[in-house]
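Geometric and topological summary
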Amino acid sequence: MILVVLFFVLLTASALLSAYAPRITHDGAGTAAASLLAFALFFFLVVMLTWSYFACVLLEPGKVPQGWSPFETDEADRLESGSHRQDKGLTGTGRPRYCRKCQAWKPERAHHDSMLGRCVLRMDHYCVWVANSVGLLNYKAFLLFLFYTFLACLLGASMLLGDVARFFKGIDAASPDNAGRFALTMIAFVVDLAFSLSLGGLLAMHARMVWLNYTTIEMFEKQRAAQWPYDRGARRNFEEVFGTRFWRWWVPTYTAAEKARMLDATLNGHPSSTATEFAAL
Ligand SMILES: [Zn+2]
């Protein structure tokens, strides 16, 4: 995936350079400033998408701690009826979940990931593009990666649009010197456009899931509770993934305090109270 992204970045950057460099050096101050600004924005997006990508690849998606159990204290609790277990966050099913492969209990929304060979907290899906599972602690990084890549592609495509139009009108294409530049611009434009369309669709799908507090796995599960227990309203659902602080929404990592609160909320049975706890930080 990083090679695909690198290819896109280099392709677009060289197309943009060949299109905009003459404008920056030869045109008036206004055009030069606008071109430089667009360039700066494009490279800012590239930095952000690269950061988000590596965060998604390298961050631990969420481990179930060894010896974790949905029961309050000891073995005796296992014999109790479901009412007590509600306290430990078994709201979705009302019964404890056990992973036979890990030979261990797993919290609600955790799923066994056969690629990583263990259970992942609030697992969204295993992503081949990032060679990692996307779960509780790297879902924000995954979404930001989609978001920044989408914006970079969209910006790249719109910056090249004028040149593509000029080539089609035959203004620049006549000269044989421009053949290479024409090919580069066209390929970059088509790649950017295709990327932004498909990423836009994927983003829209995930935006809906964040809004309703579903993971991809849960979205495709056949049996679902009539009243979705994790839905606490759009704003709180959003804050569960992105946090409550505006400036933290845009960076792909969590602070140690945020992480501790999220793990605590997921493991200690109040899955939807994460947002409230963020607010208390
Ligand atoms: Zn497992």
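Residues numbered from 1 in each chain as written. Predicted model: local features only at pLDDT ≥ 70, side-chain atom pairs only at ≥ 80, totals over all residues. Heavy atoms only, no water.

We now examine the coordination of the zinc ion. Six octahedral donors around a metal ideally make angles of 90 or 180 degrees; four tetrahedral donors ideally make 109.5 degrees. Within the first shell, the zinc ion binds the protein through Cys-99 (SG), Cys-102 (SG), His-112 (ND1) and Cys-119 (SG), at distances of 2.1 to 2.3 Å. If you look at the zinc ion, its four donor atoms make angles of 100 to 125° with each other, and the shape they trace is tetrahedral. (Donors = N, O, S within 2.8 Å, 3.2 Å for Na, K, Ca; no water. Tetrahedral: all angles 85-135°; square planar, octahedral: opposite > 155°, others 65-115°.)

Quick look at the packing of aromatic side chains now. Using the criterion set out here, one finds 16 aromatic pairs in the structure. Of the aromatic side chains, those joined through ring pairs into one cluster are Phe-147, Tyr-148, Phe-238, Phe-242, Phe-246, Trp-249 and Trp-250. (Phe/Tyr/Trp six-rings, centres within 6.5 Å; stacked < 30°, edge-to-face > 60°.)

On to the nonpolar core, then. In terms of nonpolar packing, the biggest core is built from 63 residues, with Phe-42, Tyr-139 and Phe-142 touching the most fellow members. Those elements giving two or more residues to this core turn out to be helix H1 (2-26), helix H2 (29-58), helix H4 (139-168), helix H5 (179-212), helix H7 (234-242) and helix H8 (256-267). Here this core takes 16 residues from H4, the largest share from any one element. Each of two domains, domain 1 (2-59 + 139-196) and domain 2 (61-137), supplies a minimum of three residues to this core. Here Phe-42 is in contact with Phe-8, Val-9, Thr-12, Ala-13, Leu-16, Ala-152 and Leu-155, once residues within four sequence places are set aside. (Core = buried A, V, L, I, M, F, W, Y, C linked by side-chain atoms within 4.5 Å. Buried < 20%, exposed > 50% of the residue type's maximum accessible area, 1.4 Å probe, protein only. Helix = DSSP H or I, 4+ residues; strand = E, 2+ residues; numbered from the N terminus. Domains from an automatic or database assignment. Contact = heavy atoms within 4.5 Å.)

Two elements in contact, H1 and H4, have axes whose closest approach is 10 Å; the angle formed by their N-to-C orientations is 35°. Crossing handedness for the pair H1 and H4: left-handed. On H4, the residues touching Val-5, Phe-8, Thr-12, Ala-15, Leu-16, Ala-19, Tyr-20 and Arg-23 of H1 are Phe-145, Ala-152, Cys-153, Gly-156, Met-159, Leu-160 and Asp-163. (Axes fitted to C-alpha atoms, helices over the stretch in contact; angles between N-to-C directions. Left-handed = near helix turned anticlockwise from the far one by under 90°.)

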